[in-house]
Amino acid sequence: MRGVEEAADLLPVMLSATDRPAQTLLELGWARQVPGIVSPNGSLRGSLGQRRATMGLLRAVTSEMLSFVREAITQGDAHATDLDVKFPFRNRFHYCVRVAILAAEIAEREGTDVDVAAVSGIFHDCGKAAGRDHAHVSADICHQYLLENRVQLHTLDPIVDCVRHHSSSIPFEKGSYPDDLAVLRDADVLDVVGAMGITWTVLAAGASGPKSYVEVLDKLKSQHPLDGTESTLAHMRTPTGRRLMLERLDREQRFIQDLTEELKIAELGDAMRAVGL
């Protein structure tokens, strides 16, 4: 699944596009600036699926769209949600861009609409604030923007519907998800797992006060349990999402094992017991 990981190279490119004219990222030539994806002769690297996903995302997302979403998020109160207060290190605009990249990759592999995945990913959390249903607010913002700017996508309804129903708090019977929505939901869940999940836990531990290495390790073990794989996989709705989730969960456990080994937990315990501690 290297293609999905390589798509992370799009993040700085997309962020830099927010200050550019209202053109698609493809029209602006951003594809040539993506390290690891573009070969020296200017062609896109990777499998056919990877190239299609990259081109689809660059074609669907405009620089003005990114600027609009960034501004919509910035205008909201920086402490509007519990997440913002508890996790001040979290940048929701960067998060929306990452979800869009992941969604485009999953959509390509699943054979669903890459345009819908990319644009719904960009908008999905732009209306998050305290005291309101962020999915519905984000969907209304998305719908108004796409109409007013006459975005040339073949249809707007699936994009807005994905944004409106992406929240995990909205119940759907298993197996009844529209394909586009399943893609967005999987991308949304994946962003907080793996190396990102480990980083989140460590930063959150530090934000709540000074912690020792051992205390952070204990927090990692409680937040990322070895036996939590099945329950986590139950949230995934696409085969690609499940494969990526397994890879990311494995990455978490390997980090925890490595940290346990490097901290010499077993040896430290023996030494402390030897001196009566």
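Residues numbered from 1 in each chain as written. Predicted model: local features only at pLDDT ≥ 70, side-chain atom pairs only at ≥ 80, totals over all residues. Heavy atoms only, no water.

Structural notes on the packing of helix H11 (residues 195-207) against helix H14 (residues 239-263)
Geometry of a packed helix pair, given as the angle between the helix axes and the separation of the axes. With their axes 8 Å apart at the nearest point, H11 and H14 run at an angle of 50° to one another. Considered as vectors, H11 and H14 are oriented oblique to each other. Contacts between H11 and H14 involve Ala 195, Gly 197 and Ile 198 on the former and, on the latter, Arg 251, Glu 252, Phe 255 and Ile 256. When its residues are assigned to classes, the contact of H11 with H14 shows four nonpolar, one polar and two charged. (Axes fitted to C-alpha atoms, helices over the stretch in contact; angles between N-to-C directions. Helix = DSSP H or I, 4+ residues; strand = E, 2+ residues; numbered from the N terminus. Parallel < 35°, antiparallel > 145°, perpendicular 65-115°, else oblique. Contact = heavy atoms within 4.5 Å. Nonpolar A, V, L, I, M, F, W, Y, C, P; charged D, E, K, R; others polar.)

Points about the pattern of salt bridges
When their charged atoms lie close together, side chains carrying opposite charge are able to pair. The final tally for this structure, using the stated rule, is four salt bridges. For the salt bridge of Arg 164 with Asp 140, the shortest nitrogen-to-oxygen distance reads 3.2 Å. Here the residue Arg 164 occupies a position in helix H9 (residues 157-165), and Asp 140 occupies one in helix H8 (residues 134-148), the gap between them amounting to 24 residues. Look at Asp 140 and you get partly exposed, because its relative accessible area is 44%. Note that Glu 261 and Lys 264 form a salt bridge whose closest N and O atoms lie 3.1 Å from each other. (Salt bridge = Lys/Arg side-chain N within 4 Å of Asp/Glu carboxyl O. Buried < 20%, exposed > 50% of the residue type's maximum accessible area, 1.4 Å probe, protein only.)

Observations concerning the nonpolar core
In this structure, Met 65, Ile 122, Phe 123 and Leu 146 are the most contacted members of the largest nonpolar core, which totals 45 residues. Elements with a minimum of two residues in this core: helix H4 (63-75), helix H6 (92-110), helix H7 (114-123), H8, H9, helix H10 (179-190) and H14. With 12 residues, H6 is the largest single contributor of residues to this core. With seven residues, the next largest nonpolar core counts Ala 205, Leu 217, Leu 220 and Leu 259 among its residues. (Core = buried A, V, L, I, M, F, W, Y, C linked by side-chain atoms within 4.5 Å.)

Re the packing of aromatic side chains
Taken as a whole and judged by the stated rule, the model has three aromatic pairs. Ring centres of Phe 68 and Tyr 145 lie 4.6 Å apart, and the angle between their planes is 35°; on these two criteria the pair is classed as tilted. With Phe 68 in helix H4 and Tyr 145 in helix H8, the pair connects residues that are 77 residues apart, well separated along the chain. Look at Tyr 145 and you get buried, because its relative accessible area is 3%. (Phe/Tyr/Trp six-rings, centres within 6.5 Å; stacked < 30°, edge-to-face > 60°.)

Some thoughts on the side chain of Ser 120
As for its position among the elements, Ser 120 is in helix H7. Of note is the side chain of Ser 120, whose polar atom sits 2.6 Å from the backbone oxygen of Val 116. With near-sequence residues (within four places) excluded, Ser 120 lies in contact with Ile 159, Cys 162, Val 163 and Leu 184. (Polar contact = N/O pair within 3.5 Å; in protein donor to acceptor, adjacent residues only side chain to side chain.)

A look at the environment of Phe 123
Among the structural elements, Phe 123 can be located in helix H7. When its relative accessible area of 0% is taken as the criterion, Phe 123 is described as buried. For Phe 123 and Val 163, which are 40 residues apart along the polypeptide, the C-alpha to C-alpha distance reads 6.9 Å. Among residues more than four places away in sequence, those in contact with Phe 123 are Met 65, Phe 68, Val 69, Ser 138, Cys 142, Tyr 145 and Val 163.

Some words on the confidence of the model for the protein
A residue-level look at the protein finds 63% of positions with pLDDT of 70 or above and a mean pLDDT of 75. Between the elements of the protein, mean pLDDT differs from a low of 42, seen in helix H1 (residues 2-6), to a high of 93, seen in H14. In the model, residues 1-15 has pLDDT below 50 throughout and makes 48 contacts with residues more than four positions away in sequence or in other chains. Of the regions scoring below 50 in pLDDT, residues 17-38 engages in 63 contacts with residues more than four places distant in sequence or in other chains. (pLDDT = per-residue confidence, 0-100.)

Considering H11
Helix length check: H11, at 13 residues, gives a terminal C-alpha distance of 18 Å against a target of 18 Å (1.5 Å per residue), a fit within 8%. Buried residues of H11: Gly 197, Ile 198, Thr 201, Ala 204 and Ala 205, and no others. For H11, the buried positions fall inside an angular range of 135° around the axis, keeping them on one side. Those residues of H11 hidden inside the fold are in contact with helix H12 (213-223) and H14. Gly 209, located one to two residues past H11, shows a positive phi value of around 135°. (Expected span 1.5 Å × (residues − 1). Arc of directions from axis to C-beta.)

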